[in-house]
Structure formats: C-alpha cells, structure tokens
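In case you want the letters, here they are:
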Amino acid sequence: MTDAAALPGQPRGGVLSGPATARAVNVLAPNASAMTLDGTNTWIVSEPGSELAVVVDPGPLDDVHLRTVIATAEEAGKRVALTLLTHGHPDHAEGAARFAELTRTSVRALDPALRLGDEGLAAGDVITTGGLEMRVVPTPGHTADSLCFHLPADQAVLTGDTVLGRGTTVVAHPDGRLGDYLDSLRRLRSLTVDDGVRTVLPGHGPVLEDAQGAVEYYLAHRANRLAQVETAVENGYAIASEVVAHVYADVDRSLWPAAELSVRAQLEYLREHGLI
C-alpha cells in the first residue's frame, strides 16, 4: 500500500464527505465514474457562527443529492444563500437550476448562460455572504470558463477540475487551451507561494494537504506529456488518436477519448509555438 503522504499533493485519507476545513464541508454526489473519480464534490462553505452558507458546484441533476446538500447545511444551522459554479460541465452544474429553485438562491458563474440572477463572477470578485471571504481566481484551461475560489482564512483553494484530488485533469479542447491551463497552474502556484495556500479542495477526489506539491506535480506532468507528444509527432504519429495510442498506452483505454482532447490541445499548443 502506498503512503498517501508520498503521493502528489498528500491526499487526505478517509471518507470524502464531511468537514474538510473550518469553513468547508463536502457532500459527495453519487455519480462516481472513471472521469468523475469518487463523484463530484459539492462544497458547502460558510463562516463559523454564520447562519448563511454558499454552495459551490451543486453537481448533477439528482434530487436526492441536491436535497442532501440542503439538509447537511440545515443540520449545521445554516441556510443556503448563494450558489456558485467553478465551470459548466454537467457533473458540476447540471443540477444548479434545480438547486436554485429548491433554495431560492441565485447562481453565479463566469459563463452568462449558466447564471440565474443579475450577477456573474469575474477576477477580483470577493464573495462575502454571511461574513465569508472567498476570492474569485480565474483559471481557464480545463474549460474557458473555469474558476477557482480562494478561501484565505482556511489557507485553502477550491479548484473544481483545475486540480483534482487524484490523477490529472483533461484540457477539454477546443474549449480548453493548454497555454491558458499552464498559466492557471502558475497562478495557483503563486497562491501557494505568496498567499499561504496549503490545502486543495478539489472538484473530485480527496482533499490535498500539500497544495504547492500538487501544483508542481501538475506542471511537471504537463511538461512531460508535452515532450512525449512532440517526440511522437517527430516519429511520424501525426493524428491525435495515433498520438494517444502511443503516448497514453499506460492509461486505461476507457479514458482515451478524454486523453485525445488533451492531445489535441497539446498539438495546438505545439503548432502555435512553432515546435511542430
């Protein structure tokens, strides 16, 4: 058995659902799969002692899960007052409209198509519901609309799919772009170096106790994969599906369609930089 402390980011062991920091509680959605790992992490975030809570990523359109999120907040003496989205993929956002209906809250997101209410989200915004301080960090790359939420008081960052609790994420080409993603990882690394962020609260998988280690691992992994793709092209593998079969031979074949999205993003990046 591998020691969790030796894994990238030092994943926290134990049950995923439940309190993760002083301000963040996870309610795991029942949508486990190869792509979603154990399921989507729906985060309830609130200031200690406040009666108001913010929910990040209600998850799939599953009434039982959505009502469980509400019940979890209520059992802690809190009312859901706002819904936020890290990005628009269905496993994070499909249940948002129904959740907003159940809680009578607005939904704030970067993408206007996902919003319910007059307010969106943008770089520099600070969520202050119930005395909370949660800062919006733009992190495009996985998707164009991806955001993270910095929780300074807990030295934590909610990363959606930008950094996962296990494995690595997909750059979902053509909406996702590798150059943007690398810039976003560097932005997160700056949070760990300059702003004291230590904990990653991901959209899937366990909490990571070593935020800087996780981000450094992601940057190294991307550099390594990019070099492998470049070499594959030099060796005559010109089509994305051929590159996947060559470079991702060690990856479960059920994940190859997702890997192909990342490969397309890598090929685009290499072309833009004149490397192939």
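We now turn to the structure provided with this report. (Residues numbered from 1 in each chain as written. Predicted model: local features only at pLDDT ≥ 70, side-chain atom pairs only at ≥ 80, totals over all residues. Heavy atoms only, no water.)

### Some details on the sheet that holds strand β11 (residues 199–202)
Taking strand neighbours across the sheet as the criterion, the five strands line up as β7-β8-β9-β10-β11 in an open arrangement whose pairing is mixed. Because the sheet does not close on itself, it has two edges, and the strands there are β7 (126–127) and β11. Pairing geometry for strand β8 (residues 134–138) and strand β9 (residues 147–151), over four bridges, is antiparallel. Among the inter-strand pairings, Val136 is bridged to a residue of β9, identified as Phe149. Each of β8, β9 and β10 (156–160) touches helix α4 (residues 178–194); the most contacted strand, β8, lies at about 150° to it. (Pairing = 2+ DSSP bridges. Helix = DSSP H or I, 4+ residues; strand = E, 2+ residues; numbered from the N terminus. Contact = heavy atoms within 4.5 Å. Axes fitted to C-alpha atoms, helices over the stretch in contact; angles between N-to-C directions.)

### Regarding the packing of aromatic side chains
A full pass over the atoms with the stated rule returns one aromatic pair. Between Arg225 and the ring centre of Tyr248, over which it is positioned, the NZ or CZ distance is 4.2 Å. (Phe/Tyr/Trp six-rings, centres within 6.5 Å; stacked < 30°, edge-to-face > 60°. Lys NZ or Arg CZ within 6 Å of the ring centre and 35° of its normal.)

### Some details on the side chain of Ser184
For Ser184, the position within the fold is in helix α4. Residues within four places of Ser184 in sequence aside, it is in contact with Pro138, Thr139 and Pro140.

### What to know about the sheet that holds strand β3 (residues 41–45)
Across the sheet, which stays open at both edges, the six strands sit in the order β1-β2-β3-β4-β5-β6 with mixed pairing between neighbours. With partners counted over all chains shown, the strands left at the sheet margins are β1 (18–19) and β6 (107–108), one partner each. Bridge analysis of strand β5 (residues 79–84) against β6 gives two bridges, and the strand direction is parallel. Bridge pairing in β6 places Leu84 opposite Arg108. Here helix α1 (residues 63–75) sits on the sheet and contacts β2 (24–28), β3, β4 (52–56) and β5; the angle it forms with β2, its principal contact strand, is near 150°. Strand contacts of helix α3 (residues 96–103): β4, β5 and β6, with the helix running at about 155° to β5, the strand carrying the most contacts.

### A look at helix α5 (residues 211–234)
Its 24 residues give α5 an end-to-end C-alpha distance of 35 Å, which sits within 8% of 34 Å, the value for a rise of 1.5 Å per residue. Along α5, the residues classified as buried are Ala211, Ala214, Val215, Tyr218, Leu219, His221, Arg222, Arg225, Leu226, Val229 and Ala232. Of the surrounding secondary structure, the elements contacted by the buried residues of α5 are α4, β11, α6 (240–247) and α7 (256–272). Two residues or fewer past α5, Gly236 is found with a positive phi of approximately 100°. (Expected span 1.5 Å × (residues − 1). Buried < 20%, exposed > 50% of the residue type's maximum accessible area, 1.4 Å probe, protein only.)

### A word on the packing of α4 against α7
Two elements in contact, α4 and α7, have axes whose closest approach is 8 Å; the angle formed by their N-to-C orientations is 95°. With respect to α7, the axis of α4 lies roughly perpendicular. Contact residues: α4 offers Leu178, Gly179 and Leu182, while α7 offers Ala265, Gln266 and Tyr269. (Parallel < 35°, antiparallel > 145°, perpendicular 65-115°, else oblique.)

### As for unusual backbone geometry
A cis amide bond, omega 5°, links His173 with the succeeding residue Pro174. Locating Pro174 in the fold gives a position in the loop between β10 and α4. Positioned with a positive phi, Leu37 is a non-glycine residue whose angle comes to about 55°. The phi dihedral of Asp57 is positive, around 65°, even though this residue is not glycine. Here Asp57 shows up in the loop between β4 and α1.

### Quick notes on the pattern of salt bridges
Side chains that differ in charge, positive against negative, can pair when their charged atoms come close. Taken as a whole and judged by the stated rule, the model has 15 salt bridges. Among the salt bridges present, the one from Glu47 reaches Arg23, with a minimum N-O distance of 3.0 Å. Taken together, the residues span a long stretch of sequence, with Glu47 in the loop between β3 and β4 and Arg23 in the loop between β1 and β2 at a distance of 24 residues. Between Arg264 and Glu260 there is a salt bridge, and its shortest N-O distance comes to 2.8 Å. With Arg264 and Glu260 both in helix α7, this residue pair falls four residues apart, about one helical turn. Judged by its relative accessible area of 38%, Arg264 is partly exposed. One continuous salt-bridge network, built from bridges that share partners, spans Asp63, Arg67, Arg98 and Glu101. (Salt bridge = Lys/Arg side-chain N within 4 Å of Asp/Glu carboxyl O.)

All quantities given are derived from atomic positions and should not be read as evidence of function.
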